[in-house]
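Listed here are the chains, written in short residue letters.
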Amino acid sequence: MAIEIERKFLVIGDAWRSAPAVFYSQGYLNRDKARTVRVRIAGDEAFLTIKGQSVGMSRAEFEYPIPVWDARDLLTLCEQPLIEKYRRKILHAGFVWEVDEFVGDNAGLVVAEIELPAEDCVFDKPEWVGEEVTNDARYFNSNLSRLPFNQWHK
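Below, the structure is looked at part by part. Computed from a prediction, not measured in an experiment: that's the story for all the values here. As a convention, each chain's residues are numbered from 1 in the sequence order in which they are written. Given that the model is predicted, a residue must reach a pLDDT of at least 70 before its local features are reported, and side-chain atom pairs must reach 80 or more before they are shown or counted; all residues, however, enter totals for whole chains, interfaces and linings. To get the side-chain values, take all heavy atoms of the structure and skip hydrogens and water.

### A few points about the environment of Arg35
Of note, Arg35 is situated in strand S3 (residues 35–42). Sequence spacing of Arg35 and Gly52 is 17 residues, and the spatial spacing of their C-alpha atoms is 4.5 Å. Whether two residues are in contact is decided by their heavy atoms: any pair within 4.5 Å suffices. The contact partners of Arg35, leaving out residues within four places of it in the chain, are Asn30, Lys51 and Gly52. Every helix listed is a DSSP run of H or I at least four residues long, and every strand listed is a run of E at least two residues long, numbered separately from the N terminus.

### Side note on the layout of surface pockets
In this analysis the probe radius is 1.4 Å and the grid spacing 1 Å, with only protein atoms considered; a cavity is a set of points the probe fits into but cannot get out of, a pocket is an open set with protein on both sides within 12 Å along at least five of seven lines, and lining residues have an atom within 4 Å of a point. Grid points are joined across faces, edges and corners, and a volume is the space filled by probe spheres set on the points. Here the largest pocket is characterised by a volume of approximately 850 Å³. Glu4, Glu6, Lys51, Arg59 and Phe140 are, among the 41 residues lining the largest pocket, the residues nearest its centre. With 5 residues, the top contributor of residues to the lining of the largest pocket is S3. Of the residues belonging to the lining of the largest pocket, the class tally is 9 nonpolar, 11 polar and 21 charged. Residues are sorted three ways: Asp, Glu, Lys and Arg are charged, Ala, Val, Leu, Ile, Met, Phe, Trp, Tyr, Cys and Pro are nonpolar, and all the rest, Gly among them, are polar.

### Considerations on helix H1 (residues 68–75)
Here H1 has its buried residues at Val68, Ala71 and Leu75. Looking down the long axis of H1, one finds its buried residues gathered within 55° of arc, a one-sided arrangement. The outward face of H1, more than 90 degrees from its buried face, is lined by the exposed residues Trp69 and Asp73. Check the buried side of H1 and you find it contacts strand S2 (21–30), S3, strand S4 (45–52) and strand S6 (79–92). The buried label goes to any residue with under 20% of its type's maximum accessible area, the exposed label to any with over 50%, and the partly exposed label to all in between, with areas taken from a 1.4 Å probe on protein chains only. This arc describes the spread of directions from the helix axis toward the C-beta atoms.

What follows is the structure, given as C-alpha coordinates:
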(Lines give C-alpha, C1' and ligand atoms only; values in the text may rest on other atoms or scores of the structure.)
Protein backbone atom coordinates (compact mmCIF):
# COMPACT_ATOMS: atom_id res chain seq x y z
CA MET A 1 0.00 0.00 0.00
CA ALA A 2 1.29 3.47 -0.91
CA ILE A 3 1.31 6.04 1.90
CA GLU A 4 1.21 9.77 1.25
CA ILE A 5 2.74 12.01 3.93
CA GLU A 6 2.01 15.59 3.01
CA ARG A 7 2.17 19.01 4.63
CA LYS A 8 0.36 22.02 3.25
CA PHE A 9 1.12 25.76 3.58
CA LEU A 10 -0.24 29.05 2.34
CA VAL A 11 2.03 30.89 -0.09
CA ILE A 12 3.25 34.45 0.32
CA GLY A 13 5.00 36.76 -2.13
CA ASP A 14 5.71 36.05 -5.80
CA ALA A 15 9.17 34.41 -5.84
CA TRP A 16 7.59 31.05 -6.77
CA ARG A 17 6.04 32.38 -10.00
CA SER A 18 9.17 31.90 -12.14
CA ALA A 19 8.74 28.10 -12.29
CA PRO A 20 6.86 26.67 -15.30
CA ALA A 21 3.18 25.91 -14.71
CA VAL A 22 0.96 23.02 -15.83
CA PHE A 23 -2.84 23.37 -15.90
CA TYR A 24 -4.75 20.81 -13.80
CA SER A 25 -8.44 20.01 -13.92
CA GLN A 26 -9.75 17.55 -11.37
CA GLY A 27 -13.01 16.31 -9.98
CA TYR A 28 -14.29 13.93 -7.36
CA LEU A 29 -16.37 10.84 -8.03
CA ASN A 30 -16.51 10.27 -4.26
CA ARG A 31 -15.70 12.69 -1.42
CA ASP A 32 -16.61 10.46 1.50
CA LYS A 33 -14.62 11.20 4.68
CA ALA A 34 -13.19 7.65 4.70
CA ARG A 35 -12.10 7.76 1.04
CA THR A 36 -11.93 10.04 -1.97
CA VAL A 37 -11.85 9.03 -5.62
CA ARG A 38 -10.39 11.69 -7.89
CA VAL A 39 -10.04 12.08 -11.65
CA ARG A 40 -7.30 14.46 -12.77
CA ILE A 41 -6.00 15.80 -16.05
CA ALA A 42 -2.54 17.32 -15.65
CA GLY A 43 -1.33 18.82 -18.91
CA ASP A 44 -1.43 15.92 -21.39
CA GLU A 45 -1.65 13.16 -18.75
CA ALA A 46 -4.56 11.82 -16.73
CA PHE A 47 -4.91 9.84 -13.51
CA LEU A 48 -7.45 8.09 -11.32
CA THR A 49 -6.54 8.41 -7.63
CA ILE A 50 -8.02 6.78 -4.55
CA LYS A 51 -7.07 8.21 -1.15
CA GLY A 52 -7.90 6.86 2.29
CA GLN A 53 -8.78 8.83 5.40
CA SER A 54 -6.03 11.01 6.85
CA VAL A 55 -4.39 9.93 10.09
CA GLY A 56 -2.18 12.80 11.15
CA MET A 57 -0.35 13.84 7.98
CA SER A 58 -0.52 10.36 6.42
CA ARG A 59 -3.04 8.47 4.32
CA ALA A 60 -3.19 5.61 1.86
CA GLU A 61 -2.92 6.70 -1.77
CA PHE A 62 -3.28 4.71 -4.98
CA GLU A 63 -2.80 6.48 -8.32
CA TYR A 64 -3.18 5.01 -11.81
CA PRO A 65 -2.61 6.58 -15.24
CA ILE A 66 -5.68 6.53 -17.48
CA PRO A 67 -6.28 7.76 -21.05
CA VAL A 68 -6.99 11.50 -21.24
CA TRP A 69 -10.17 10.89 -23.25
CA ASP A 70 -11.49 8.64 -20.45
CA ALA A 71 -10.60 11.31 -17.87
CA ARG A 72 -12.53 13.95 -19.84
CA ASP A 73 -15.62 11.71 -19.83
CA LEU A 74 -15.18 10.88 -16.13
CA LEU A 75 -14.92 14.59 -15.25
CA THR A 76 -18.47 15.03 -16.57
CA LEU A 77 -19.61 12.51 -13.92
CA CYS A 78 -17.83 14.30 -11.08
CA GLU A 79 -19.43 16.47 -8.45
CA GLN A 80 -19.23 20.15 -9.36
CA PRO A 81 -17.48 22.50 -9.36
CA LEU A 82 -14.27 21.00 -10.69
CA ILE A 83 -10.95 22.09 -9.17
CA GLU A 84 -8.88 24.06 -11.67
CA LYS A 85 -5.37 25.23 -10.92
CA TYR A 86 -1.90 25.86 -12.23
CA ARG A 87 0.75 23.70 -10.57
CA ARG A 88 4.40 24.59 -10.35
CA LYS A 89 7.00 22.10 -9.09
CA ILE A 90 9.92 23.76 -7.34
CA LEU A 91 13.01 21.98 -6.01
CA HIS A 92 14.21 23.47 -2.71
CA ALA A 93 16.78 21.97 -0.32
CA GLY A 94 16.33 18.44 -1.67
CA PHE A 95 12.51 18.38 -1.71
CA VAL A 96 9.98 19.10 -4.44
CA TRP A 97 7.38 21.69 -3.47
CA GLU A 98 4.14 21.72 -5.45
CA VAL A 99 2.62 25.20 -5.60
CA ASP A 100 -1.03 25.31 -6.67
CA GLU A 101 -2.46 28.60 -7.89
CA PHE A 102 -6.20 28.05 -8.05
CA VAL A 103 -8.49 29.59 -10.65
CA GLY A 104 -12.25 29.53 -11.18
CA ASP A 105 -14.27 29.24 -7.95
CA ASN A 106 -11.05 29.03 -5.89
CA ALA A 107 -9.27 31.99 -7.52
CA GLY A 108 -7.06 33.91 -5.11
CA LEU A 109 -5.92 30.83 -3.20
CA VAL A 110 -2.28 29.71 -3.51
CA VAL A 111 -1.12 26.65 -1.55
CA ALA A 112 2.22 24.82 -1.38
CA GLU A 113 2.51 21.13 -0.55
CA ILE A 114 5.52 19.01 0.29
CA GLU A 115 5.52 15.20 0.37
CA LEU A 116 7.80 13.74 3.02
CA PRO A 117 9.30 10.30 3.68
CA ALA A 118 8.21 10.43 7.36
CA GLU A 119 5.94 12.62 9.49
CA ASP A 120 8.85 13.75 11.66
CA CYS A 121 11.07 14.63 8.67
CA VAL A 122 12.90 17.95 9.03
CA PHE A 123 12.88 20.23 5.98
CA ASP A 124 13.84 23.77 5.03
CA LYS A 125 10.99 26.07 3.95
CA PRO A 126 11.44 28.46 1.04
CA GLU A 127 10.95 32.19 1.74
CA TRP A 128 7.54 32.12 0.01
CA VAL A 129 6.06 29.50 2.38
CA GLY A 130 3.72 30.99 4.95
CA GLU A 131 1.24 29.64 7.50
CA GLU A 132 0.82 25.87 7.75
CA VAL A 133 -2.72 24.63 6.96
CA THR A 134 -2.08 20.86 6.94
CA ASN A 135 -4.75 20.19 9.56
CA ASP A 136 -7.30 22.69 8.25
CA ALA A 137 -9.76 20.57 6.24
CA ARG A 138 -11.02 23.63 4.33
CA TYR A 139 -7.82 23.47 2.25
CA PHE A 140 -8.27 19.84 1.13
CA ASN A 141 -8.95 19.90 -2.61
CA SER A 142 -11.97 17.63 -2.08
CA ASN A 143 -13.43 20.24 0.30
CA LEU A 144 -12.55 23.15 -2.01
CA SER A 145 -14.80 21.42 -4.53
CA ARG A 146 -17.61 21.33 -1.97
CA LEU A 147 -17.09 24.82 -0.51
CA PRO A 148 -14.92 26.90 -2.90
CA PHE A 149 -12.58 29.58 -1.59
CA ASN A 150 -14.69 32.37 -3.10
CA GLN A 151 -17.57 31.37 -0.78
CA TRP A 152 -15.57 31.57 2.44
CA HIS A 153 -16.48 34.35 4.85
CA LYS A 154 -13.33 36.35 5.28
